[in-house]
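Each chain, written out:
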Amino acid sequence: MLCTVCDDHTNPCQNGNQCSESRICDCVNGASGSLCQITPLGNGHCDEFFNTASYTYDGGDCCQATCTSTEDHKCGIVPMGRLEADQGFPHCVDPTVVHDCDEGRCWAPSASIFPELPSTDVETLSALSENGRILAVAEPELDIVSIYDQEDAGWRLRGDFLEGEPGSEFGSTLALATLPGPIVGRRFGMVPIMLAIGSHKPYHSKVKVIRWEANDTSWQTLGGEVDVCEDSHLPVHDCYIS
């Protein structure tokens, strides 16, 4: 049982914290408890004091590939009212994660668990959102497009696979739009996404626009498909919005 009254000599505060004049530990670095004896390792928030080898780099909280969100904190995310902003992982120094350093600029993987695609034997196309947290992967040979949200050290499939008409090379072009800049989502719903997916047929291509709003539970098609003529000899009526 710990004494709640601290003393620098007989009952000192722990984890680098100081005993105040009122003999109460002032826990200023993320620790808690009467003597700051409870460390915040592995709580989803990067505490710089504990970001050392002796504290297992804050239990992995400071690197995207090793952090796990909790009820209190989402990895790399700070709340902004009803929105959430990406503060990134600027303090990631775990040598098992960070590599290829040059003049202080280092590469680090954003995930340790990568998406499982329907097939590994076909070529893929991909598009990444501006904030790097939404990934679209197309497999035109299979006419399949899949969308993934980054969740801690892995990627989670959003909704079902999107499928095009067989043989149409659905996903031969991709473009996606999300919330701008550091905004990564909503605290009470998923981040909205709008996606333009192209397919190809002889002499013309098609583009389908789909979206997922914050409170949706599935993908919604926005309007009809847009036909794009690639042959000036085709009659005008062969190019239309279906």
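Residues numbered from 1 in each chain as written. Predicted model: local features only at pLDDT ≥ 70, side-chain atom pairs only at ≥ 80, totals over all residues. Heavy atoms only, no water.

Novice: Pulling in residues and values, what's your account of the state of the cysteines?
Specialist: In the structure shown here, the tally under the stated rule is six disulfides. Residue C63 pairs covalently with C92 via a disulfide, S to S 2.0 Å. An S-S torsion of about 95 degrees defines the bridge between C63 and C92 as right-handed. Taken together, the residues span a long stretch of sequence, with C63 in the loop between α1 (56-59) and β3 (77-80) and C92 in the loop between β4 (83-86) and β5 (99-102) at a distance of 29 residues. (Disulfide = S-S within 2.5 Å. Helix = DSSP H or I, 4+ residues; strand = E, 2+ residues; numbered from the N terminus.)

Novice: Describe the environment of S54, naming the residues involved and giving the relevant values.
Specialist: Tracing the backbone through its elements, the reader meets S54 in the loop between β2 (25-26) and α1. One polar contact links S54 to T52, side chain to side chain, over a distance of 3.1 Å. (Polar contact = N/O pair within 3.5 Å; in protein donor to acceptor, adjacent residues only side chain to side chain.)

Novice: Tell me what's going on with unusual backbone geometry, and back it up with residues and numbers.
Specialist: Non-glycine residue T56 carries a positive phi angle of around 50 degrees. Looking at the secondary structure, you find T56 in helix α1. The phi dihedral of D58 is positive, around 55 degrees, even though this residue is not glycine. Along the chain, the position of D58 falls in helix α1.

Novice: Would you mind going over the packing of aromatic side chains in detail, with residue names and values included?
Specialist: In the structure shown here, the tally under the stated rule is four aromatic pairs. Consider the rings of F49 and Y55, whose centres lie 6.1 Å apart with planes at 50 degrees: the pair is tilted. With a relative accessible area of 37%, F49 lands in the partly exposed category. Seen from their ring centres, W212 and W219 are 5.1 Å apart, and the 80 degrees between their planes marks the pair as edge-to-face. An aromatic cluster is built from F49, F50 and Y55, whose rings are joined through pairwise contacts. (Phe/Tyr/Trp six-rings, centres within 6.5 Å; stacked < 30°, edge-to-face > 60°. Buried < 20%, exposed > 50% of the residue type's maximum accessible area, 1.4 Å probe, protein only.)

Functional significance is not addressed by these values, which are geometric in nature.
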